Amino acid sequence: MPLLEIRALKKSYATGEVALKGVDLSVSAQEIVAILGLSGSGKSTLLRCVNRLVEPDSGSVTLDGLEITALNKRQLRRARQSMGMIFQEFNLVDRLTVLENVLSGTLGSVSLWRAFSRAFPRENLDRALGLCERVGILDHIKKRADQLSGGQRQRVGIARALMQNPKILLVDEPTSSLDPKIGAEVMELMLEVAHETHVAMLFSVHDVRLATEYSNRIVGLQGGSKIFDERTETVKPEAIDLIYGMNKRAARG
Ligand SMILES: Nc1ncnc2c1ncn2[C@@H]1O[C@H](COP(=O)(O)OP(=O)(O)O)[C@@H](O)[C@H]1O
Ligand SMILES: [Mg+2]
């Protein structure tokens, strides 16, 4: 049984936009899967439906045998601890320190008053410091998040996502706000920590090179439908052209 199983997932927004038209997708334990597709193809919606930041209209999501789409709010809060999310825009709390941002990755399990009084259990603190060291931001833990560079901010995002020892990382275009060189460093780091912590990863990108370089499998989305799902080593360039709807003759001029 795969770690993550998505079945017939559909989502339309109130505006009438049909973002997902019945997507099936599975991710095995420790597998690294790239979602490739043009802007608007449904990548973010798909990732957000997995942890129900966006509520799907129909279909199911099952993680490690637990049907996420059948959970009530309280159960969902618990289940979200096993899914770490990393965002394109980092989504850090600017006025909090780096360390506090990383610690906030445990908010699902620390009661609110403790979070607000900033009294975190010692073990959480130790874990947060260890992760800060691992992602290379230990020297910056006392800085406010808004004092960091983009690459440093995403490192904080990675540490935060790992705080709860997730089974899977859901990663939405992690490098799109970064320079190519910094983006590649962030991708390398994510891959390394995914391997070290035996966590699976489902990440969206629109950069073909990043998808082919960093994934075990590539899934192509187009207009809310999966049009392609193959092991990365066997993916042919024509398939990539298909994902991007490119007309070769037109492209050659
Ligand atoms: N909050 C929203 N409200 C209305 N439409 C949305 C919203 N988010 C996304 N969409 C629409 O859903 C489709 C898929 O968007 P999205 O999942 O963001 O794709 P991608 O991440 O691949 O760019 C697009 O047509 C987009 O305009
Ligand atoms: Mg997106």
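Since this is a predicted model, take the numbers as computed values, not measurements. (Residues numbered from 1 in each chain as written. Chains lettered and ligands numbered in written order. Predicted model: local features only at pLDDT ≥ 70, side-chain atom pairs only at ≥ 80, totals over all residues. Heavy atoms only, no water.)

Caption draft 1: Here's a closer look at the nonpolar core. Among the nonpolar cores identified, the biggest contains 49 residues, and Leu36, Ile158, Leu169, Met201 and Phe203 are the most heavily contacted of them. At seven residues, the largest contribution of residues to this core is made by helix 7 (residues 180-196). (Core = buried A, V, L, I, M, F, W, Y, C linked by side-chain atoms within 4.5 Å. Buried < 20%, exposed > 50% of the residue type's maximum accessible area, 1.4 Å probe, protein only. Helix = DSSP H or I, 4+ residues; strand = E, 2+ residues; numbered from the N terminus.)

Caption draft 2: Seen up close, the pattern of salt bridges. Applying the stated criterion across every chain yields a total of 16 salt bridges. Across the pair Glu213 and Arg209 runs a salt bridge whose closest N-O atoms are separated by 2.8 Å. Note that Glu213 and Arg209 are positioned in helix 8 (residues 208-214) at a spacing of four residues, about one turn of the helix. You can call Glu213 partly exposed: its relative accessible area is 44%. Put simply, Asp229 and Lys226 hold a salt bridge, and the shortest N to O gap is 2.7 Å. Put simply, Glu31, Arg217, Lys226 and Asp229 are held in one network by salt bridges that share partners. (Salt bridge = Lys/Arg side-chain N within 4 Å of Asp/Glu carboxyl O.)

Caption draft 3: Quick look at unusual backbone geometry. Phi at Gln30 is positive, roughly 65°, even though this residue is not glycine. Even without being glycine, Phe90 reaches a positive phi, approximately 70°. Within the fold, Phe90 resides in the loop between strand 6 (83-86) and helix 3 (98-103).

Caption draft 4: Structural view of the pairing of strand 1 (residues 4-12). In this structure, strand 1 lies alongside strand 2 (residues 18-27), joined through seven bridges in antiparallel fashion. From the neighbouring strand, Leu9 faces strand 2, where its bridge partner is Val23. Two successive antiparallel strands, strand 1 and strand 2, enclose a turn made up of five residues, where Gly16 displays a positive phi of approximately 95°. Examined bridge by bridge, strand 1 and strand 4 (residues 58-63) share five bridges and lie antiparallel to one another. From the neighbouring strand, Glu5 faces strand 4, where its bridge partner is Thr62. (Pairing = 2+ DSSP bridges.)

Caption draft 5: Layout of the environment of Glu100. When you line up the elements, Glu100 lands in helix 3. Taking the C-alpha atoms as reference points, Glu100 and Ser177, separated by 77 residues in sequence, lie 23 Å from one another. One polar contact links the side chain of Glu100 to the main-chain amide nitrogen of Thr97, over a distance of 2.9 Å. (Polar contact = N/O pair within 3.5 Å; in protein donor to acceptor, adjacent residues only side chain to side chain.)

Caption draft 6: The arrangement of the sheet that holds strand 4 in detail. On the basis of which strands lie adjacent, the open sheet formed by four strands has the order 2-1-4-5 and antiparallel pairing. The strands lining the two open edges of the sheet, one partner per strand, are strand 2 and strand 5 (66-67). The strands that helix 1 (residues 43-50) touches are strand 1, strand 2 and strand 4; relative to strand 1, the one it contacts most, it runs at about 120°. (Contact = heavy atoms within 4.5 Å. Axes fitted to C-alpha atoms, helices over the stretch in contact; angles between N-to-C directions.)

Caption draft 7: Summary view of the site of ligand 1. Around ligand 1 sit Tyr13, Thr15, Glu17, Ala19, Leu38, Ser39, Gly40, Ser41, Gly42, Lys43, Ser44 and Thr45, and those are all the residues in its vicinity. One of the side-chain nitrogen or oxygen atoms of Glu17 is found 3.0 Å away from an oxygen atom of ligand 1. In isolation ligand 1 exposes 560 Å². Once the protein is present, 66% of that is buried. Counting residues per element, the shell around ligand 1 draws most heavily on helix 1, at three residues. (Near = heavy atom within 4 Å. Areas by Shrake-Rupley, 256 points an atom, 1.4 Å probe, with all protein chains shown as cover.)

Caption draft 8: Structural detail: the sheet that holds strand 10 (residues 225-231). Taken together, six strands build an open sheet; the order of strands is 6-7-8-3-9-10 and the sheet is mixed. The sheet is open, and its two edges are formed by strand 6 and strand 10, each paired on a single side. In this sheet, adjacent strand axes meet at a mean angle of 15° when their direction is disregarded. Where strand 9 (residues 217-222) and strand 10 come together, six bridges link them in antiparallel fashion. Across the sheet, Gly220 pairs through a bridge with Phe228, a residue of strand 10. In the packing of helix 6 (residues 150-162) onto the sheet, the strands contacted are strand 6 and strand 7 (168-172), and the crossing angle to strand 6 comes to about 170°. Along the sheet, helix 7 makes contact with strand 3 (32-36), strand 6, strand 7 and strand 8 (200-205), crossing strand 8 at roughly 160°.

Caption draft 9: How the structure looks around the pairing of strand 7. In terms of burial, strand 7 is largely enclosed, as five of its five residues are buried. Covered by surrounding structure in strand 7 are Ile168, Leu170 and Asp172 together with Leu169 and Val171, the residues of both alternating faces. By the bridge criterion, four bridges tie strand 6 to strand 7 in an arrangement that is parallel. Pairing of Met85 across the sheet is with Leu170, part of strand 7. Bridge analysis of strand 7 against strand 8 gives five bridges, and the strand direction is parallel.

These figures capture arrangement, not role.
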